[in-house]
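Read off the chains here:
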Amino acid sequence: MRTLDDIREEYEFLEGDERYRLLIELGRELDAMPGALKTDATLVRGCSASVWVYPTEQSGTLHFLADSNAAITKGIVALVIAAVQDRQAADIAKMNVPAALEPFDLKNQLSSNRTQGIPNMIALVQEHAARIAAAD
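Remember, it's a predicted structure, so these values are computed and weren't measured experimentally.

## Here's the deal with the pattern of salt bridges
Part 1: Scanning all chains against the criterion turns up seven salt bridges.
Part 2: Of the charged contacts, one joins Arg 2 and Glu 10 as a salt bridge, the two residues approaching to 2.6 Å between their closest N and O atoms.
Part 3: Owing to a relative accessible area of 32%, Glu 10 belongs among the partly exposed residues under this scheme.
Part 4: Of the charged contacts, one joins Asp 67 and Lys 38 as a salt bridge, the two residues approaching to 2.5 Å between their closest N and O atoms. Note that Asp 67 is positioned in strand β2 (residues 61-68) and Lys 38 in the loop between α2 (16-29) and β1 (51-58), a separation of 29 residues in sequence.

Right under this line is the structure:
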């Protein structure tokens, strides 16, 4: 998966539909999420499409699997995951993820229907991270 900085660099050079295409491409680059992990417990509430996020942990470092049944939404969750991927759980729990995503100006780039679930995606990722950090 690309880093958030690499994605932002590319995103800044694009406009309109090209940015949509980049989001779709990011979604396609996500690690495959097994169907067995797509449960009510991993479902992100409040999204217009179905979105699932599942953390895996190794020595306090979190690697997230995510998926969605909508291409653009899958790209948005990929962007959220890029901000936190392969970091320490404690760091993710206290990270200002909205600030990390601010340069993408998603609220002005996408419809409100597409962005309404972003805070819930971030919250679920950080809840997982806080729970895992507390257990370590």
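## Things to note about the nonpolar core
Part 1: Within the largest apolar cluster, 41 residues are counted, with the highest numbers of intra-cluster contacts made by Val 53, Leu 79 and Leu 101.
Part 2: Looking at this core, the elements that each hand over two or more residues are α1 (4-12), α2, β1, β2, α3 (71-84), α4 (89-94), α5 (97-101) and α8 (118-135).
Part 3: Sequence-distant contacts of Leu 79, that is, excluding residues within four places in its chain, are made with Leu 4, Ile 7, Leu 23, Leu 26, Leu 101, Phe 104 and Leu 106.

Scoring rules and cut-offs
- Residues numbered from 1 in each chain as written.
- Predicted model: local features only at pLDDT ≥ 70, side-chain atom pairs only at ≥ 80, totals over all residues.
- Heavy atoms only, no water.
- Salt bridge = Lys/Arg side-chain N within 4 Å of Asp/Glu carboxyl O.
- Buried < 20%, exposed > 50% of the residue type's maximum accessible area, 1.4 Å probe, protein only.
- Helix = DSSP H or I, 4+ residues; strand = E, 2+ residues; numbered from the N terminus.
- Core = buried A, V, L, I, M, F, W, Y, C linked by side-chain atoms within 4.5 Å.
- Contact = heavy atoms within 4.5 Å.

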